[in-house]
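Results of the structural survey
Residues per chain, in single letters:
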Amino acid sequence: MSIDGATGTARLLSPASPFGVAVTPAGEHQYDIQFDVQGLPAPSTLGPYRTYVAWATTPQMHPVVKLGVIANGRTTLGRITFDRTLILISAESSAAVSERSGRLVLRGTSAAVRMQPHDLAFLLAGLLDRSDVPADAHAHHATGADGWTPPPMHPEVSMPPALMTLRPDVAPYALATDDAIPLARPRELLQLGDGASINRTAAPVRRVLFGRTVTMLGFNGQYPGPLIQVDERSTIQVRFVNHTDFPTAVHWHGVRLDNRFDGAPHVTQDPVPPGGTFDYTVHFPDAGLYWYHPHHREDVLQDLGLYGNLLVRSRDPGFFAPANREEILMLDDLLIGEAGPTEYGRDAPTHALMGRFGNVLLVNGEPRWTSTARRGEVVRVFLTNVSSTRVFNLSWQGARTRMKVVASDLGRYEQESWVDNVVIAPAERFVVDVRFDDAGEARLVNRVRAIDHIQARFFEELQPLGAVRVAAGRATPDHAATFNRLRRNADVVAEFDRYRSQFDRPVDHQLSITLETGSLPFPLTPLMNFESVYRHPVEWSGTMPEMDWVATGKAVRWILREPGTGRENMDIRWRFRVGDLVKLRLVNDRRALHAMQHPIHIHGQRFLVTAVNGVPNEHRVWKDTVLVPTGFTTDVLLELSNPGKWMLHCHVAEHIETGMRMVFEVDPK
Ligand SMILES: [Cu+2]
């Protein structure tokens, strides 16, 4: 009997997750496999076989994972975590076999298997021909703009030497250093009552980082900016004073406030010029974790340290389960060399493709966060990712911990979940309860799979973020009983009941994510266009700092495109009325030029993620920012509750600065 008629497809599906994408603590993407198979003959016609079994393995054929029994039609099996996957279907004598021994009938490979080393691309681009590279490559400095210091190389990825001569095609910007600039101090906690008035002054500060004194920016001379705590439904007055070199405004990220105080330059206000001020009235309708940051040239201003948290407390004492104490952590990275932060583009951003990945990680502005706990202590950790483009994958190592995710941007989940790790994209927030079960040192780490696109290989990046010394003495009170239970928040369930009938409503508006480029530096073009370029669901690390750096906003335009009308970015016209509920579909096509992940943020409103790649989302929580990985289609139900002109944009700082933004209008009821 022939098996020539047998065909099939195997689709890698991302399993449900409370986060934007499901990965292991080691950063491996998790996949279930959806098979659609036709034409398999009865197994007995091929030999002494009774069934078909599907297997998954790597290109090295080790290890081999038995996925399960498969037949014609659709079967979904799981779960695998390989970087590159080979799928095999064999005829076997029994469904109980533990190793493949029968006849192979079908096989397939994941897209990552096709990733090829870029040597060929570089060869064709003339970059491996060293004859045109002067012995002193620094002689090429003069061909770029003056004043640039190339970023440090990635320690594990070697680049062709000719690339080291490239420079961005914009003028560099760096803060002027001056010994009179004050040394920054750690943030203070501002517990503000209703009606309080404060100043928020953005100005240069000096920092001592990694043994060198560098000039950065701070709100009120602090890093991060002061931590503002208020009760829900309170209002504060904030005078913003701009002592930076750029016109800008302050955005109160996630807060459903009065439109004229949203801090979106040219949309809700004129930018505040250097030396100017603006008075904001900030009302906090919802308990949750928010943050404030500049909303113009955040690729420079936010990256240099202008960010702070807003913790809005519920007036309900039972809002969260009890915890022994809280930690509020802002996660960041910084691209820094011997002389200080790598210069920025004065008139347009550098790093316009990937966004600016830092080479060092910061927690609350420091290279390392430390804390202490007692055995059994439950610590509520409030996490905000303020980096320009990096998605973190946080987990604990060392002394045993357990962790559950309880809340995100604008409130609590309907249902809490146990998690081994937290995936947090730029501008997202998550609240996790962590119990330190054993004495010892519990280390908080960022662990991801980075890609060396030159050599076509995956490798692990493991970066320490901090550590908690857990003492042997027991914590009091002991919250073990409440910690061990996952809460289902009846009030959140009841609130979402009002929206549930709309979860399956048809898509009202779709946005596709794409990119246009002008003349990029020569080697970037083959790197982007070659068939061999593999697009991972998430680029977790900047492994090609030189390449990332030289693509500037002069040559790159990121695009939100409405397929129905062909309109793009600020030309898109959406008009709603307060009370409307609309379904938005965000499509991140992996075949688009330079496809990568994008954290999409909507101002002044809140939304629920209803489905990811067509799979209904059961981890419901009010969000204002959602990660859309490469190749993913994410549906959100947007509630229009707040009148005005509001932005929708990518939160990668270099993407919003290079076009990836739009405005929609909400009329009063
Ligand atoms: Cu983006």
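The structure under discussion appears in the preceding block.
Residues numbered from 1 in each chain as written. Predicted model: local features only at pLDDT ≥ 70, side-chain atom pairs only at ≥ 80, totals over all residues. Heavy atoms only, no water.

Let us now look at the overall build of the chain. The secondary structure content of the chain amounts to six helices and 44 strands. Compactness check: the chain gives a C-alpha radius of gyration of 26 Å against a globular reference of 26 Å for 669 residues, within 12% of the reference. Viewed in the frame of its principal axes, the chain has a C-alpha envelope of about 85 × 70 × 60 Å. Scored against the burial criterion, the 669 residues of the chain give a buried share of 62%. Here the contacts in the chain between residues at least 6 apart in sequence split such that 78% fall between residues at least 24 apart. Approximately 25,200 Å² of the chain is accessible, and the part contributed by carbon and sulfur atoms is 50%. Across the chain, 69 positive and 75 negative side-chain charges occur, with their mean positions spaced 5 Å apart. (Helix = DSSP H or I, 4+ residues; strand = E, 2+ residues; numbered from the N terminus. Rg over C-alpha atoms; globule rule 2.2 N^0.38 Å. Buried < 20%, exposed > 50% of the residue type's maximum accessible area, 1.4 Å probe, protein only. Contact = heavy atoms within 4.5 Å. Areas by Shrake-Rupley, 256 points an atom, 1.4 Å probe, with all protein chains shown as cover. Lys, Arg positive; Asp, Glu negative; His and termini not counted. Charge placed at Lys NZ, Arg CZ, Asp CG, Glu CD.)

Looking now at the pairing of strand 44 (residues 661-667). For strand 44, the tally of buried residues reaches five of seven residues, placing the bulk of the element in the interior. Two elements, strand 43 (residues 644-650) and strand 44, share six bridges in a ladder whose sense is antiparallel. In the strand pairing of strand 44, K645 is matched with E665. (Pairing = 2+ DSSP bridges.)

Along a regular strand, successive side chains alternate from one face of the sheet to the other. Covered by surrounding structure in strand 16 (residues 250-253) are V250 and W252 together with H251 and H253, the residues of both alternating faces. Where strand 16 meets strand 18 (residues 288-294), four bridges bridge the pair, whose relative direction is antiparallel. Across the sheet, V250 pairs through a bridge with P294, a residue of strand 18.

Another point: the sheet that holds strand 14 (residues 227-231). Strand order in this open sheet of five strands is 10-14-19-18-16, and the pairing throughout is mixed. Looking at which strands have only one partner, the edges of the open sheet turn out to be strand 10 (189-191) and strand 16. Going from strand to strand, the sheet's axes swing by 20° on average, the running direction of each strand aside. With four bridges connecting them, strand 14 and strand 19 (residues 308-313) associate as parallel partners. Bridging from a neighbouring strand, Q229 pairs with L311 of strand 19. (Axes fitted to C-alpha atoms, helices over the stretch in contact; angles between N-to-C directions.)

The next point concerns the pattern of salt bridges. According to the stated counting rule, one finds 44 salt bridges in the structure shown. R449 is the salt-bridge partner of D83, the closest N and O atoms lying 2.5 Å from each other. A residue pair is termed long-range when its members are at least 10 positions apart, and D83 in the loop between strand 5 (73-80) and strand 6 (86-92) and R449 in strand 32 (residues 440-452) qualify at 366 residues. Judged by relative accessible area, R449 falls into the buried class, the value being 16%. With its nearest N and O atoms 2.9 Å apart, the salt bridge here joins D299 to R297. Across this residue pair, the class does not change: D299 and R297 are buried. One connected set of salt bridges, linked through shared partners, spans R400, R402, R435, D437, D438, R474 and D478. (Salt bridge = Lys/Arg side-chain N within 4 Å of Asp/Glu carboxyl O.)

A negative phi angle is the norm for most residues apart from glycine, just as the trans form is the norm for most peptide bonds. In this structure, R79 follows G78 across a cis peptide bond, with omega equal to 5°. Along the chain, R79 falls in strand 5. In this structure, P224 follows Y223 across a cis peptide bond, with omega equal to -20°. Its location among the elements puts P224 in the loop between strand 13 (222-223) and strand 14. Located in the positive-phi region is H351, a residue other than glycine, with phi close to 55°. Of note, H351 is situated in the loop between strand 23 (344-345) and strand 24 (360-363).

Around the copper ion, the protein contributes the donor atoms H598 (ND1), C650 (SG) and H655 (ND1), which lie 2.0 Å from the metal centre. One chain supplies every donor to the copper ion, and in sequence these donors are spaced H-x51-C-x4-H. With H598 in strand 38 (residues 598-602) and C650 in strand 43, this pair connects stretches of sequence that are 52 residues apart. With respect to burial, H598 and C650 carry one shared label: buried. (Donors = N, O, S within 2.8 Å, 3.2 Å for Na, K, Ca; no water.)

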